[in-house]
Amino acid sequence: MTNAPSQTDVDGFAVINRRYLHVTPIPCYVDGDGAVWLGRSWHHDFVEHLTYLTDFVNIAPRLPRGSEPDLVRFEAPPGARVSFAYLPPQTSLLRALLRLPQTAAVLWRAIGRADIVHSAISGWPFPLGWIVNPFALLRGKRLVIIVEGDWRLGGPGRTSWKHRLMDMDPLRDWMARWSCNRAHLALFTHPTYRDELCSRNLGRAFVTPAVWVNDADILEDAAAEATWATKAHEPVRLLFAGRLLLSKGVEVLLAALRSLDARGVEVRVDIIGEGEQRDACLRAAAEVRSVRLSVLESVPYGKPFFEVVRRYHAVLVPSLSAEQPRIVFDANSQGVPVIASDTDGLRPHVEHGKTGWLVPAGDVPALASAIERANGAASELRSMGLAALRAGRGVTHKAMHRRRSQLLAKYLS
């Protein structure tokens, strides 16, 4: 391991002068000229790592660039030292298992050249951490694990035989706890993940919520007040923005809207997103009458997305899983409250009655009641939205990475 110390720049970032290997199942798309393309959301997060990691190696499945939408060509910032290593495609469980020896060999070599290994405990179709974490510890590397999504491979919307095969209790839970308890640094998006996975490593386990809002995205108070002054004279409109999956509560939301429609309740809800439940959303939009449901095209994350969010009176987050959706911070940045499930991933970030409303996860009548209540509560939604905006100041993507850099410097340098 090199002996160069970490440094701190003027923005408070601890600069890590170590060879940092970032292992992820998120694919890199490579075109005929060898250029690397990343999904827009991942690109947004990827480049922030380079603020404080001076020798960054990303290892991920490689796919040829085709007609995939919303990709961004990666261009290394001036002075950044970035390289890529590639795993075989992990596009199905069968392919992942057939190529497991090749995947393990590539990871073994890459880990051998690294000082710090960044890993996880989940992933589909195969949790790469099940290979990476033992390899890193066996080879004496500093291991950092970040738990953002639910490591349980089963759950809402994951009922196929492939998910049941991989959802192997107690192996799955044992491997997750084994990894987190042995990591040199473990970061979690909410306290429940930390408490469930760490029993003897709490001194190196920290909660760092996943936030992708930039400082420039957060509305000034005057702009938020002006936006609400306009919305006060408009019918209440609610937004669902996210992946259209069962685990995101899409089915619960549609059932709640159908129950309101059956009673002739007039509400306005827009849905933005892509996923396997999109057709179900389109069918529901065509069926309901008193409920005005629209399924809109996706909007790129960033300024266009935030401009859309701020037009609504509240954002619906009916998640069923324990993961922490980033949308709650996106909404807060625009002075918009959330109507969210009372889950482990959302409860720490929504103060019920002050920055939003919490309803029992999966409870169709409760969600329907909250939506109906919102229809006549524009003034309360405004108060909660402005409170959420104040609470969200300083809770940004850069602040998240600054905190990570400081923890890396303290525990892994």
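The shown structure was predicted, so the numbers you read here are calculated from the model rather than taken from an experiment. (Residues numbered from 1 in each chain as written. Predicted model: local features only at pLDDT ≥ 70, side-chain atom pairs only at ≥ 80, totals over all residues. Heavy atoms only, no water.)

Asker: So what's going on with the packing of helix α9 (residues 250–262) against helix α13 (residues 364–375)? Residues and values would help.
Answerer: Relative orientation of the contacting elements α9 and α13 amounts to 65°, with a least axis distance of 8 Å. The chirality of how α9 crosses α13 is right-handed. Of α13, the residues touching α9 (which contributes V252, L253, A255, A256, L257, S259 and L260) are V364, L367, A368, I371 and E372. Each residue belonging to the contact of α9 with α13 can be placed in one class, and the counts come to ten nonpolar, one polar and one charged. (Axes fitted to C-alpha atoms, helices over the stretch in contact; angles between N-to-C directions. Helix = DSSP H or I, 4+ residues; strand = E, 2+ residues; numbered from the N terminus. Left-handed = near helix turned anticlockwise from the far one by under 90°. Contact = heavy atoms within 4.5 Å. Nonpolar A, V, L, I, M, F, W, Y, C, P; charged D, E, K, R; others polar.)

Asker: Outline unusual backbone geometry, supporting the account with residue identities and numerical values.
Answerer: The phi torsion at D70 lies on the positive side, around 60°, for a residue other than glycine. Secondary-structure assignment places D70 in the loop between β5 (53–64) and β6 (71–73). On the basis of relative accessible area, D70 is assigned to the partly exposed category, the value being 39%. (Buried < 20%, exposed > 50% of the residue type's maximum accessible area, 1.4 Å probe, protein only.)

Asker: Tell me about the confidence of the model for the protein, and name the residues and values.
Answerer: With 93% of its residues at a pLDDT of 70 or more, the protein shows a mean pLDDT of 91. For residues 153–163, every residue scores under 50 in pLDDT, and the model assigns this stretch 21 contacts once sequence neighbours within four places are set aside. (pLDDT = per-residue confidence, 0-100.)

Asker: Account for the pattern of salt bridges, naming residues and giving values.
Answerer: A complete count under the given rule lists 21 salt bridges for this structure. R81 is paired through a salt bridge with D55; the nearest N and O atoms lie 3.6 Å apart. In this pair, R81 sits in the loop between β6 and β7 (82–87) while D55 sits in strand β5, placing the two residues 26 residues apart along the sequence. Accessibility expressed as a relative area gives 52% for R81, which makes it exposed. Look at D55 and you get buried, because its relative accessible area is 10%. The salt bridge partner of R382 is E225, with a shortest N-O separation of 2.6 Å. With R382 in helix α14 (residues 378–392) and E225 in helix α8 (residues 221–231), this pair connects stretches of sequence that are 157 residues apart. Three or more residues joined by partner-sharing salt bridges are found here, namely R19, D55 and R81. (Salt bridge = Lys/Arg side-chain N within 4 Å of Asp/Glu carboxyl O.)

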